There are 4 protein chains.
Amino acid sequence: MKTAGAQRAAVRPRVGRKMVCKASADVARVAVLGASGYTGAEVVRLSALHPNITIAALTGEKQAGKSFAEVFPHLVSASNIGALVKIADVDFDQVDAVFCCLPHATTQQIIKSLPTNLKIVDLSADFRLRDVNTYAQWYGGEHAAPELQEEAVYGLTELKREEVKKARLVANPGCYPTTVQIPLVPLLEKGLISKDDIIIDAKSGVSGAGRAAKESNLYTEIAEGINAYGVSSHRHMPEIEQGLSDAAGADVRVSFTPHLMGMQSTIYVKLENGATPDSLRAELEARYAGEPFVRILPKGVVPHTRHVRGSNFCFINVFPDRIAGRAIVICVIDNLVKGASGQALQNLNLVMGFPETTGLLQLAMFP
Amino acid sequence: MKTAGAQRAAVRPRVGRKMVCKASADVARVAVLGASGYTGAEVVRLSALHPNITIAALTGEKQAGKSFAEVFPHLVSASNIGALVKIADVDFDQVDAVFCCLPHATTQQIIKSLPTNLKIVDLSADFRLRDVNTYAQWYGGEHAAPELQEEAVYGLTELKREEVKKARLVANPGCYPTTVQIPLVPLLEKGLISKDDIIIDAKSGVSGAGRAAKESNLYTEIAEGINAYGVSSHRHMPEIEQGLSDAAGADVRVSFTPHLMGMQSTIYVKLENGATPDSLRAELEARYAGEPFVRILPKGVVPHTRHVRGSNFCFINVFPDRIAGRAIVICVIDNLVKGASGQALQNLNLVMGFPETTGLLQLAMFP
Amino acid sequence: MKTAGAQRAAVRPRVGRKMVCKASADVARVAVLGASGYTGAEVVRLSALHPNITIAALTGEKQAGKSFAEVFPHLVSASNIGALVKIADVDFDQVDAVFCCLPHATTQQIIKSLPTNLKIVDLSADFRLRDVNTYAQWYGGEHAAPELQEEAVYGLTELKREEVKKARLVANPGCYPTTVQIPLVPLLEKGLISKDDIIIDAKSGVSGAGRAAKESNLYTEIAEGINAYGVSSHRHMPEIEQGLSDAAGADVRVSFTPHLMGMQSTIYVKLENGATPDSLRAELEARYAGEPFVRILPKGVVPHTRHVRGSNFCFINVFPDRIAGRAIVICVIDNLVKGASGQALQNLNLVMGFPETTGLLQLAMFP
Amino acid sequence: MKTAGAQRAAVRPRVGRKMVCKASADVARVAVLGASGYTGAEVVRLSALHPNITIAALTGEKQAGKSFAEVFPHLVSASNIGALVKIADVDFDQVDAVFCCLPHATTQQIIKSLPTNLKIVDLSADFRLRDVNTYAQWYGGEHAAPELQEEAVYGLTELKREEVKKARLVANPGCYPTTVQIPLVPLLEKGLISKDDIIIDAKSGVSGAGRAAKESNLYTEIAEGINAYGVSSHRHMPEIEQGLSDAAGADVRVSFTPHLMGMQSTIYVKLENGATPDSLRAELEARYAGEPFVRILPKGVVPHTRHVRGSNFCFINVFPDRIAGRAIVICVIDNLVKGASGQALQNLNLVMGFPETTGLLQLAMFP
């Protein structure tokens with residue numbers, strides 16, 4: 001199922017294994033930077049079975065030298081993948097494209113140092129905000145690569161497909177912003193909901209917090225409980241407001257309260273210009289009619305996070321609110337797939353000219 | 001720890017055990033009707049160690065004849081409790097007070113048939129709505145005991161303490177309405193928030209759905225997922241609107257979306273009359289200053305459902321919203337304790353003249 | 001991704017839709033009987049993306065008439081699948097092969113009534129036990145199709161591959177017996193472990209109990225707890241003993257204690273004929289060297305259920321016991337995939353002459 | 001409910017608050033060392049409502065200065081508890097007894113430095129192993145207080161009650177050893193089971209691993225999965241073998257495989273001297289007849305971890321094994337209560353001469 005090339009990491013000779021992957025029109029040699037985290041592992045899971053992708057290198061600074069299967073035994077069956085290496089040891093001449101799964105704030109420096117012919121899908125937040133000042137304000141430091149920022153395309157695939165196709169550097173969206181913008185952008189563009197009264201009660205899987213060993217992520221701290229966090233100050237807020245303001249053609253300010261669990265946005269909106277809950281549904285159905293990964297569920301069916309687990313799908317529905325003139329929009333995704341690595345692969349497919357759904361049509365696992 | 005009386009069920013001779021509990025000024029002989037469900041079991045757990053309560057009878061129509069410990073092995077250590085019997089076999093002459101943990105709709109008939117000298121705390125929804133027409137509309141049938149409805153006192157303890165003390169029949173509130181009314185009633189009474197723009201994103205534990213064997217409550221259907229349910233049509237809505245309308249002195253209509261998970265209400269409100277998030281906190285702190293079970297957490301601390309698990313406490317906090325002029329109120333309880341059986345015991349304590357906190361001061365279990 | 005044929009159910013005209021799937025050498029038209037349960041849904045999930053399978057009919061007696069996506073919204077994206085029908089309404093002339101996902105005890109009658117040219121993979125227990133008397137003893141009734149029993153091939157793929165290839169009726173193994181026989185059969189055949197001292201402490205996912213709405217399967221009864229069940233009397237026992245006795249060439253009697261959770265067998269064995277834990281590992285590595293779905297993990301690495309979640313893989317390892325002369329074998333699978341529907345598809349691939357791994361190479365999902 | 005003394009921490013003047021608790025015959029002024037971990041918090045939860053205990057000081061080296069409720073908001077209602085301090089700042093003249101909840105290996109030094117008049121219940125492993133060489137071997141370092149080791153009493157309450165009453169330093173047992181020794185010691189003492197063939201398949205709650213922020217304890221690494229760990233080499237093994245060898249009057253070596261999940265030991269034993277599963281049950285019932293916290297369940301009833309959650313109870317039952325001449329013993333506890341802090345309080349009650357069950361009769365929470 002994998003060509004011989006798949007077994008060869010694009011690693012510089014000095015690390016002891018000379019490996020060469022040949023470029024070809026329909027195979028991309030891909031390096032995954034930061035492959036030891038959850039989004040990195042998910043990128044590898046999806047890419048390992050992708051017919052047009054050869055994994056050329058996996059990096060992990062702290063775990064360099066370990067086999068990938070030692071770090072993620074659930075991927076031991078993707079047996080042609082080699083060991084983790086340091087970024088400095090990757091021979092980027094043997095690489096066509098990069099998934100960058102590194103932490104926020106360190107990513108700009110690293111991407112700046114890569115050869116400029118590489119195609120890059122960046123899963124961090126480092127290139128998501130167009131305004132470098134907003135970036136500095138929310139992420140606590142100067143933007144280290146403002147010239148690259150101008151080049152970066154915001155990769156919410158369904159809304160930016162044409163730009164993504166032509167992009168060299170794609171900023172893959174956050175999981176919350178994905179569940180908010182997919183349903184709201186069409187509605188704001190058509191003026192069907194008020195831009196001044198958007199309340200987002202969002203629930204996210206713990207895995208969204210990454211694999212960092214923090215007390216607040218311990219099993220015992222989380223199991224069988226819920227809690228809101230980052231009330232009124234979550235970093236996905238400027239990203240959401242950027243996207244919605246674009247759609248509304250005016251500044252949009254939202255109420256956004258993330259909760260730790262699943263990955264769902266329950267969004268409370270105020271109807272405008274004669275819109276009704278049914279017309280919102282109709283608008284979303286029309287807008288996403290041809291989309292392979294966005295589904296407006298039948299009227300009355302409530303999206304569950306379990307319905308999309310492990311898949312790249314996004315399920316949406318609209319319900320009348322009990323307060324007249326308002327509606328409730330529910331949108332669910334798997335936060336590691338459509339909310340991160342799946343959408344990243346969707347974007348890479350576009351960037352490389354592969355069919356957009358390649359390697360991404362797995363159905364959800366339930367129960 | 002238990003007097004001899006504790007070992008005697010108030011069961012009529014025909015079921016073969018003649019048992020007599022003597023009434024005394026400071027001991028209430030209590031029957032738990034519907035003791036085979038979750039709220040019934042929780043009432044027994046809390047009552048078993050209560051110094052002023054003797055459990056005189058436990059009923060369960062389908063499981064009559066079984067020992068209680070067979071149905072709920074976790075209470076086997078409350079060893080003086082006898083077998084489940086049918087309601088018809090209870091000798092109510094030997095009973096002072098009743099916890100009624102029966103299903104909605106069947107409760108009115110049964111309470112109507114009980115001796116009128118009994119004190120009753122009813123955990124069903126059957127006497128919560130003052131307007132019998134609203135009851136008929138939401139619960140799908142005529143009210144079977146309208147004369148008792150007039151007598152019933154709505155037992156949200158912190159808000160109705162004086163009425164509860166004098167009551168014979170207490171309608172114990174639903175878990176959602178408890179998390180909504182405790183924080184909002186004081187704010188509406190003072191006109192600090194708008195009555196026309198209240199959005200409640202509520203999350204509840206699965207146990208709130210009872211022990212009925214339905215597919216939608218199966219472990220495999222629920223584990224590791226979330227889902228909204230009863231969007232815009234949950235039966236707790238009229239109860240909530242009744243309480244908030246009273247507080248506002250005008251009709252209040254709320255947006256209410258319950259989710260299966262924990263027991264938390266995240267409430268989005270619009271500020272009025274110069275109120276600020278801080279003044280909401282101050283108002284709640286003042287209002288609940290002497291309350292043994294309501295805590296306004298320090299500024300900025302987010303209430304978690306884990307903080308109240310297994311306890312009768314209610315934790316609240318208020319946060320500024322990102323939309324100017326709005327605030328977010330978070331309120332958590334354990335849905336089986338303060339949301340049902342704990343509050344029921346709190347009410348019975350008042351009804352019987354016992355100290356209100358007796359048997360209820362257990363601290364939360366974490367993790 | 002699907003040919004037009006995929007959109008057509010092999011349903012008799014009377015149910016109002018005339019649909020015809022053409023047979024072809026490399027496409028099997030498949031009916032899934034009992035598609036409304038968990039194993040049925042999982043068979044559909046795996047088959048929907050299988051390049052050689054067209055889903056011709058899905059049956060569900062109680063839910064006939066409903067669209068499949070209404071019953072399992074997580075599969076709404078497999079959009080070419082039609083509605084559930086009754087078995088009596090399926091036109092089996094348009095069907096090449098059947099996955100039978102019906103309950104134990106009813107399956108024999110139904111399979112007996114099917115055209116004898118159909119290939120069948122039966123996921124129930126009805127044809128797993130060669131001895132019809134043992135069947136009667138454990139499943140509480142006469143075997144209804146003893147003539148078919150003789151024809152049935154026990155489909156533990158890795159151990160019976162050649163028989164399965166030639167079979168018409170395959171009895172797909174239970175999940176527990178799969179985790180026990182894959183590691184133990186090679187060891188018993190080689191006489192490396194004692195047949196008289198095998199202790200199996202098995203842990204299974206709740207989904208193994210099916211979608212029946214029973215109190216003991218409610219979320220609230222299970223979450224955050226563990227319990228053994230069917231201690232010394234689980235119905236998978238005769239199936240396990242049948243397989244191990246065959247391997248040992250003598251009667252084997254095992255100690256088997258299933259627990260509700262995950263899907264893992266921790267097996268305690270006594271070494272014989274000079275065997276050591278290392279020689280057990282070596283034997284298993286040799287035996288399963290070419291197997292696509294069985295992996296012996298590197299020495300010392302403990303198999304986790306999370307490592308195989310959602311995949312058809314089986315991970316095994318062997319550890320020295322602290323008691324001299326003994327060893328501990330740990331084997332994990334996903335109980336719905338390799339433990340049921342995945343192995344069923346693996347068998348169907350063999351029966352139909354498709355490559356054995358087709359549609360089954362998904363990697364595990366983690367976290 | 002708390003006397004004024006409860007509000008006063010026994011903290012040296014230099015930390016700014018002069019507080020004095022007066023000693024009295026029936027009140028113990030208690031310091032909890034290491035109160036910022038799970039067992040520390042659980043000790044505080046149980047002690048806060050104990051009528052004979054005044055919490056005099058809570059220590060936490062890293063979090064000193066923070067209020068206890070800031071670290072554990074679920075205990076905010078135990079409002080009279082002050083801030084965390086450093087051990088060096090505790091005025092031990094104002095302390096009668098100490099719960100020591102510090103990590104293994106550091107505890108010996110600290111206890112050595114405490115005034116010798118203090119009564120101490122140590123929840124670490126540091127004084128559990130009589131043989132200091134065994135300690136060094138399993139815990140990786142010299143025993144730092146061998147002279148105290150001789151004085152230490154192993155506090156498995158039900159088996160060592162008289163020694164504990166007279167003890168100054170009690171080594172509180174580990175959770176696994178508790179679930180193993182309570183059922184097996186009586187059986188070994190009577191020669192009813194073979195000492196050479198004891199197989200323990202143990203499952204423990206994650207909280208047993210403490211609050212240390214390690215990757216392997218993250219929610220995402222654990223949720224919905226199971227895994228064995230420390231196969232054949234868990235540190236509780238020498239403690240178990242010490243206790244069982246004492247009971248057997250000869251060296252006992254057990255097979256012990258802990259799993260992360262709940263807190264249950266499923267123990268496989270070989271019968272001796274004509275014993276039967278029923279005679280094992282009878283022996284355990286006779287042995288523990290008067291015990292307040294140990295229950296042998298009715299014949300055939302399987303102990304669940306949920307039956308003891310949050311309580312100090314230990315539930316046991318015995319089942320026939322399918323292999324002739326063998327039996328299966330199942331024992332469940334809550335790993336933080338009877339497995340740690342509850343048993344510690346039970347021991348402190350004995351040490352101080354309080355009734356043994358004081359503050360410990362809470363019933364289990366379910367669901």
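Residues numbered from 1 in each chain as written. Chains lettered and ligands numbered in written order. Predicted model: local features only at pLDDT ≥ 70, side-chain atom pairs only at ≥ 80, totals over all residues. Heavy atoms only, no water.

Draft legend 1. Inspection of the overall build of chain A at higher detail. When helices and strands are tallied, chain A shows 11 helices and 13 strands. With 367 residues in all, chain A has 67% of them scored as buried. Partitioning the intrachain contacts of chain A with sequence separation of at least 6 by distance along the chain shows that 69% fall at a separation of at least 24. For chain A, the accessible area works out to roughly 12000 Å², and carbon and sulfur atoms hold 50% of it. (Helix = DSSP H or I, 4+ residues; strand = E, 2+ residues; numbered from the N terminus. Buried < 20%, exposed > 50% of the residue type's maximum accessible area, 1.4 Å probe, protein only. Contact = heavy atoms within 4.5 Å. Areas by Shrake-Rupley, 256 points an atom, 1.4 Å probe, with all protein chains shown as cover.)

Draft legend 2. Spatial organisation of the side chain of D321 of chain A. As for its position among the elements, D321 of chain A is in the loop between β12 (314-320) and β13 (326-332). One polar contact links the side chain of D321 of chain A to the main-chain amide nitrogen of I323 of chain A, over a distance of 3.3 Å. (Polar contact = N/O pair within 3.5 Å; in protein donor to acceptor, adjacent residues only side chain to side chain.)

Draft legend 3. Molecular detail of unusual backbone geometry. Positive phi, close to 55 degrees, is recorded for N273 of chain A, a residue that is not glycine. Topologically, N273 of chain A is positioned in the loop between β10 (264-270) and α10 (277-287). Phi at A105 of chain D takes a positive value of approximately 85 degrees, unusual for a residue other than glycine. Checked against the element boundaries, A105 of chain D lands in the loop between β4 (97-100) and α3 (107-112).

Draft legend 4. Representation of the state of the cysteines within the structure. In this structure the tally under the stated criterion is zero disulfides over all chains. Between C101 of chain A, a free cysteine, and C100 of chain A, which holds the nearest cysteine sulfur, the sulfur-to-sulfur gap is 6.9 Å. (Disulfide = S-S within 2.5 Å.)

Draft legend 5. Structural view of the sheet that holds strand β1 (residues 28-33) of chain B. All names here are of chain B. With parallel pairing, the seven strands of this open sheet are ordered in space as β3-β2-β1-β4-β5-β7-β6. With one partner strand each, in any of the chains shown, β3 (84-85) and β6 (153-154) form the two edges of the open sheet. Of the pairings in the sheet, the one linking strand β4 (residues 97-100) to strand β5 (residues 119-122) comprises four bridges and is parallel in character. Paired with C100 across the strands is D122, a residue of β5. (Pairing = 2+ DSSP bridges.)

Draft legend 6. Focus on the pattern of salt bridges. Following the criterion strictly, the structure yields 60 salt bridges over all chains and no others. Here E42 of chain A makes a salt bridge to R45 of chain A, at a shortest N to O gap of 2.8 Å. Of this pair, E42 of chain A and R45 of chain A both sit in helix α1 (residues 38-48), three residues apart, which is roughly one turn of that helix. Of the two residues, E42 of chain A and R45 of chain A, neither departs from the other in class, the shared state being buried. The partner of E189 of chain D in a salt bridge is R287 of chain D, with the nearest N and O atoms 2.9 Å apart. Pair noted here: E189 of chain D is in helix α7 (residues 175-189) and R287 of chain D is in helix α10 (residues 277-287), with a separation of 98 residues, a long-range link. Taking the relative accessible area as the measure of exposure, R287 of chain D reaches 30% and is therefore partly exposed. Linked by salt bridges that have partners in common, D197, D321 and R326 of chain A together with D197, D321 and R326 of chain B make up one network. (Salt bridge = Lys/Arg side-chain N within 4 Å of Asp/Glu carboxyl O.)

Draft legend 7. How the structure looks around the nonpolar core. One finds F99 of chain A, F99 of chain B, F99 of chain C together with F99 of chain D to be the most contacted residues of the largest nonpolar core, which totals 204 residues. With residues up to four places along the chain from it excluded, the contact list for F99 of chain A reads V30, A31, V32, L33, V43, S47, V121, L123, A344, L345 and L348 of chain A. (Core = buried A, V, L, I, M, F, W, Y, C linked by side-chain atoms within 4.5 Å.)

Draft legend 8. Representation of the pairing of β12 of chain A within the structure. Residues and elements named next belong to chain A. Counting buried residues along β12, six of its seven residues qualify, which places the element largely inside the surrounding structure. Pairing between strand β11 (residues 294-296) and β12: three bridges, direction parallel. Counterpart to I296 in the pairing with β12 is I316. As judged from the six bridges shared by β12 and β13, these two strands associate in the antiparallel manner. Bridge pairing in β13 links P320 to A327. Taken together, β12 and the strand that follows it, β13, pair antiparallel across an intervening segment of five residues, in which G325 is found at a positive phi of about 80 degrees.

Draft legend 9. Focus on α1 of chain A. Most of α1 of chain A sits inside the fold, with 10 of its 11 residues counted as buried. If you check which residues of α1 of chain A are buried, you get Y38, G40, A41, E42, V43, V44, R45, L46, S47 and A48 of chain A.

Draft legend 10. Fine view of the environment of K62 of chain A. All names here are of chain A. Residue position: K62 is located in the loop between β2 (53-59) and α2 (68-71). Classification of K62 as exposed rests on a relative accessible area of 84%. Taking C-alpha positions, K62 is 9.1 Å from V85, a pair spaced 23 residues apart along the chain.

Draft legend 11. Highlighting the sheet that holds strand β3 (residues 84-85) of chain D. Residue and element names in this part refer to chain D. Reading across from one edge, β3-β2-β1-β4-β5-β7-β6 is the order of the seven strands in this open sheet, with parallel pairing throughout. A single partner strand is all that each edge strand has here, and the edge strands are β3 and β6 (153-154). Sheet analysis places strand β2 (residues 53-59) next to β3, joined by two bridges and oriented parallel. Considered in β3, the bridge of L58 is made with L84.

Draft legend 12. Structural context of the environment of V318 of chain B. Residues and elements named next belong to chain B. Mapped onto the elements, V318 comes out in strand β12 (residues 314-320). Along the primary structure V318 and P298 are separated by 20 residues, whereas in three dimensions their C-alpha atoms are 9.7 Å apart. In contact with V318, not counting residues within four places along its chain, are P277, L280, R281, L284, A327, I328 and V329.

Draft legend 13. Structural context of the packing of helix α7 (residues 175-189) of chain B against helix α10 (residues 277-287) of chain B. All names here are of chain B. Packing of α7 against α10 brings their axes to within 10 Å, and their N-to-C directions diverge by 105 degrees. With respect to their mutual orientation, α7 and α10 come out roughly perpendicular. Along its contact with α7, which presents I182, P183, V185, P186, L187 and E189, the element α10 presents L280, E283, L284 and R287. Residue classes in the contact of α7 with α10 are distributed as seven nonpolar, no polar and three charged. (Axes fitted to C-alpha atoms, helices over the stretch in contact; angles between N-to-C directions. Parallel < 35°, antiparallel > 145°, perpendicular 65-115°, else oblique. Nonpolar A, V, L, I, M, F, W, Y, C, P; charged D, E, K, R; others polar.)

Draft legend 14. Broad picture of the side chain of E283 of chain D. Counting through the fold element by element, E283 of chain D comes out in helix α10. Discounting residues that sit within four places of it in the chain, E283 of chain D has contacts with P186, L187, K190 and L192 of chain D.

Draft legend 15. Looking closely at the packing of aromatic side chains. This model, assessed by the stated rule, comprises 18 aromatic pairs over all chains. Look at Y135 of chain A and Y139 of chain A: their rings are 5.1 Å apart centre to centre, the planes differ by 10 degrees, and that puts the pair in the stacked class. Of this pair, Y135 of chain A and Y139 of chain A both sit in helix α4 (residues 132-139), four residues apart, which is roughly one turn of that helix. Overall, Y139 of chain A belongs to the buried group, its relative accessible area being 9%. Both rings, one in F68 of chain C and one in F72 of chain C, keep their centres 5.6 Å apart while their planes meet at 55 degrees; by these two values the pair is tilted. (Phe/Tyr/Trp six-rings, centres within 6.5 Å; stacked < 30°, edge-to-face > 60°.)

Draft legend 16. Region of interest: the environment of Q137 of chain C. All names here are of chain C. Structurally, Q137 is set in helix α4 (residues 132-139). Of the residues examined, Q137 reaches a relative accessible area of 61% and is grouped as exposed. A sequence separation of 101 residues divides Q137 from P238, and the C-alpha atoms of the two residues are 9.9 Å apart.

Draft legend 17. Structural detail: α10 of chain A. Residue and element names in this part refer to chain A. When we look at burial in α10, the residues that qualify are P277, L280, R281, E283 and L284. In an axial view of α10, the angular spread of the buried residues amounts to 160 degrees, which keeps them on one side of the axis. The elements touched by buried residues of α10 are α7 (175-189), β10, β11, β12 and β13. (Arc of directions from axis to C-beta.)

Draft legend 18. Seen up close, the pairing of strand β13 (residues 326-332) of chain C. Residue and element names in this part refer to chain C. Within β13, seven of the seven residues are buried, which leaves it mostly tucked inside the rest of the structure. Residues R326, I328, I330 and V332 point to one face of β13 and A327, V329 and C331 to the other, with burial holding for every one of them. In terms of strand pairing, strand β10 (residues 264-270) meets β13 through seven bridges, oriented antiparallel. The residue of β13 that forms the bridge with Y268 is I328.

Draft legend 19. Main features of the packing of helix α6 (residues 157-166) of chain A against helix α11 (residues 337-352) of chain A. Residue and element names in this part refer to chain A. At a minimum axis distance of 9 Å, the contact between α6 and α11 shows a crossing angle of 35 degrees. With respect to the hand of their crossing, α6 and α11 are arranged in right-handed fashion. On α11, the residues that touch T157, E158, R161, V164 and K165 of α6 are K338, Q343, Q346, N347, L350 and V351. (Left-handed = near helix turned anticlockwise from the far one by under 90°.)

Draft legend 20. Geometry of the confidence of the model for chain A. All names here are of chain A. Here chain A averages 80 in pLDDT, and 80% of its residues register 70 or above. Predicted confidence in chain A is weakest over helix α8 (residues 219-222), with a mean pLDDT of 52, and strongest over helix α3 (residues 107-112), with 96. Low confidence marks residues 11-23, where pLDDT is under 50. Its contacts with residues over four positions away, or in another chain, come to 34 contacts. (pLDDT = per-residue confidence, 0-100.)

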